[in-house]
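Chain residues, written in single-letter form:
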Amino acid sequence: MNIIQTDKEYIAPTYARFPLQIKKGKGSILYDDKNNAYIDLGTGIAVNCFGVADGKWKKAVKKQLGKVQHTSNLYFSEPCALLAKELCVRTGMRKVFFSNSGAEANECAIKAARKHGELAKGADYNVIITLQNSFHGRTITTLSATGQDVFHQHFTPMTQGFVHAKPNDIEDMRALVKTHKCCGILLELVQGEGGVMALNKEYVRQVAALAEEENLLFMVDEVQTGNGRTGALYAYMQYGVKPDVLTTAKGLGGGLPIGATLLGDRAEKLFTAGLNGSTFGGNPVACAGALSVVRRIDDKLLKEVEKKSEYIFQTLQNAKGVKSVSGMGLMIGIECEKDVSEIISRCMARGVLVIKAKNKLRLLPALNIPWKLLQKAINIIKEECER
Ligand SMILES: *Cc1c(COP(=O)(O)O)cnc(C)c1O
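Because the structure is a prediction, the values reported are computed rather than measured.

### Quick look at the domain arrangement of the protein chain
Here the protein chain is partitioned into domain 1 (3–54 + 298–386) and domain 2 (57–295). Its C-alpha centre places domain 1 at a distance of 26 Å from the equivalent point of domain 2. Facing the 28 residues of domain 1 at the interface are 30 residues of domain 2. Between domain 1 and domain 2, the buried area comes to about 2300 Å², and carbon and sulfur atoms account for 59% of it. Area buried by domain 1 at its contact with domain 2 is led by Met328, Met331 and Lys358, which between them contribute 28% of it. In this structure, the connection of domain 1 to domain 2 is made through 1 salt bridge. Where Glu193 meets Arg362, a salt bridge forms, and the shortest distance between an N and an O atom there is 3.0 Å. Applying the counting criterion to the domain 1 and domain 2 interface returns 10 residue pairs in polar contact (both at pLDDT 80 or more).

### Topic: the sheet that holds strand β10 (residues 217–221)
Two strands in a sheet stick together by hydrogen bonds in their backbones, pointing the same way (parallel) or opposite ways (antiparallel). As summarised here, the arrangement of the 7 strands in space is β4-β12-β11-β10-β7-β5-β6, forming an open sheet in which the pairing is mixed. The outermost strands of the open sheet, each flanked by one partner alone, are β4 (95–99) and β6 (162–165). The average undirected angle you get between the axes of adjacent strands in this sheet is 20 degrees. As paired strands, β10 and strand β11 (residues 245–248) are joined by 3 bridges and run parallel to one another. Residue pairing for β11: Val220 is matched across the bridge by Leu246.

### A few points about the site of the ligand
Taken together, Ser101, Gly102, Ala103, Asn106, Phe135, His136, Gly137, Glu188, Asp221, Val223, Gln224 and Lys250 make up the full set of residues adjacent to the ligand. Within the contact set of the ligand, an oxygen atom lies 2.8 Å away from a backbone nitrogen or oxygen of Ala103. When isolated, the ligand has an accessible area of 380 Å², and the protein chains bury 82% of it. Ranked by residue count, the leading element in the shell around the ligand is helix α5 (residues 102–120), at 3 residues. Split into classes, the residues belonging to the shell around the ligand amount to 3 nonpolar, 6 polar and 3 charged.

### As for the pairing of β11
Both faces of β11 are covered, namely the face carrying Val245 and Thr247 and the face carrying Leu246 and Thr248. With 4 bridges joining them, β11 and strand β12 (residues 259–263) adopt antiparallel strand pairing. Bridging across to β12, Thr248 finds its partner in Ala260.

### Some words on the pattern of salt bridges
Summed over the entire model, instances satisfying the criterion amount to 19 salt bridges. Note that Arg295 is salt-bridged to Glu86, the shortest N-O span being 3.7 Å. Here the residue Arg295 occupies a position in helix α9 (residues 284–296), and Glu86 occupies one in helix α4 (residues 78–91), the gap between them amounting to 209 residues. In this structure, Lys181 engages Asp124 in a salt bridge whose closest nitrogen and oxygen atoms are separated by 2.9 Å.

### Describing the packing of helix α10 (residues 299–317) against helix α12 (residues 371–386)
It is the contact of α10 with α12, at a shortest axis distance of 10 Å, that shows an interaxial angle of 25 degrees. Classified by the interaxial angle, the pair formed by α10 and α12 is roughly parallel. Here α10 runs over α12; the crossing is right-handed. For the pair α10 and α12, contact is made by Glu304, Lys307, Lys308, Tyr311, Ile312, Thr315 and Leu316 and by Trp371, Leu374, Gln375, Ile378, Asn379, Ile381 and Lys382, respectively. Its residues assigned to classes, the contact of α10 with α12 comprises 7 nonpolar, 3 polar and 4 charged.

### Looking at the packing of aromatic side chains
For the coordinates displayed, the defined rule picks out 2 aromatic pairs. Seen in terms of ring centroids, Phe135 and Phe151 are 5.4 Å apart; in terms of plane orientation they differ by 55 degrees. Their pairing is tilted. One end of the pair, Phe135, is in the loop between β5 (127–131) and α6 (140–145); the other, Phe151, is in the loop between α6 and β6, and 16 residues separate them in sequence. Take Phe135 and Phe151: they sit in the same class, and that class is buried. Ring geometry for Tyr311 against Trp371: centres 5.7 Å apart, planes inclined by 75 degrees, an arrangement best described as edge-to-face. Here the residue Tyr311 occupies a position in helix α10, and Trp371 occupies one in helix α12, the gap between them amounting to 60 residues. Take Tyr311: its relative accessible area is 19%, and that puts it in the buried class. Over the ring of Tyr239 we find Lys201, and its NZ or CZ is 5.9 Å from the ring centre. Positioned over the ring face of Phe50 is Arg296, at 3.9 Å from the centre of the ring.

Rules of the game
Residues numbered from 1 in each chain as written. Predicted model: local features only at pLDDT ≥ 70, side-chain atom pairs only at ≥ 80, totals over all residues. Heavy atoms only, no water. Domains from an automatic or database assignment. Contact = heavy atoms within 4.5 Å. Buried area = accessible area lost by both parts, 1.4 Å probe. Salt bridge = Lys/Arg side-chain N within 4 Å of Asp/Glu carboxyl O. Polar contact = N/O pair within 3.5 Å; in protein donor to acceptor, adjacent residues only side chain to side chain. Pairing = 2+ DSSP bridges. Helix = DSSP H or I, 4+ residues; strand = E, 2+ residues; numbered from the N terminus. Axes fitted to C-alpha atoms, helices over the stretch in contact; angles between N-to-C directions. Near = heavy atom within 4 Å. Areas by Shrake-Rupley, 256 points an atom, 1.4 Å probe, with all protein chains shown as cover. Nonpolar A, V, L, I, M, F, W, Y, C, P; charged D, E, K, R; others polar. Buried < 20%, exposed > 50% of the residue type's maximum accessible area, 1.4 Å probe, protein only. Parallel < 35°, antiparallel > 145°, perpendicular 65-115°, else oblique. Left-handed = near helix turned anticlockwise from the far one by under 90°. Phe/Tyr/Trp six-rings, centres within 6.5 Å; stacked < 30°, edge-to-face > 60°. Lys NZ or Arg CZ within 6 Å of the ring centre and 35° of its normal.

The structure is reproduced here in structure tokens:
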């Protein structure tokens, strides 16, 4: 059977897939249907943070799978309680709501902000400020939060109550806070889909201070930046701020679907029984895998992430054909002189999988990618940028 043909015949054509069928993998190596090997620098978009078929993660998942695969939220279960505790202890946040994706984690944050607005100032204080060029998900409401017009086409009317500020422009943010009845601000600290752009530290601190002054919830979307990706457990830790709400997903599950919304001091009491829910949220198998992932993100691993990041920046920053290198930790964007799609195809032909973000190459390797594989892949990318 030709899988590519079958996929094209039966899958809704929303994805422009690469002409490659992944059959299996081990660590940072993936194999296609003809058993060709590829060094994986995309990790399923920052999801497989310890690579494919990682031993410790598999063990945690299999162990839970042998006990009970799903309980619903009508009952207590160990993995979701332990994961919530681990997340709170490591961040100083107070409560966690579990869901199944980044978009749902953000939906929960949006609900929290609106409830906060209602309690603090009245139900008409419901506007959330996000940034231009941001990405917050694919549901209608998270698309509305997304500050890119291309995503709003065809699906109007969008959910009301979102305005988009210019990144790194505190005066623009202040003006929007003044002219709208706001309840919260939601930032991606490193814009991922928007082109791997890290926000300025000073700007983020000013936004956090403004939110506190104005009694707005300060919320960070760490769906992509979270779970060790930027060289800290969560990217906010690199900015010297403390969010009221943090959302995460992607790397948290190590490959299984999970979303989490962490609620800090000012947000922990917003949800009461019945105010949010999810059939699969807190699924024991996903949570058992996630717990094993978060427990392994320690100082030693994060130092390695930093070292590998420095190596990539240093190797590519001044390479011929490279215009700029942006990002943080192992979330890196490379602006090239040549067309990125062409570079991506050439890298693929040479056994390296890279993805893109806007007009950039985007690197999201496993946090534990072996040095040798990383060096080999980065050299191939360098050669392809140069030629
Ligand atoms: C991927 C992503 C989302 C959406 O996550 P899904 O799991 O696809 O719903 C939201 N925000 C950011 C910053 C992301 O990178």
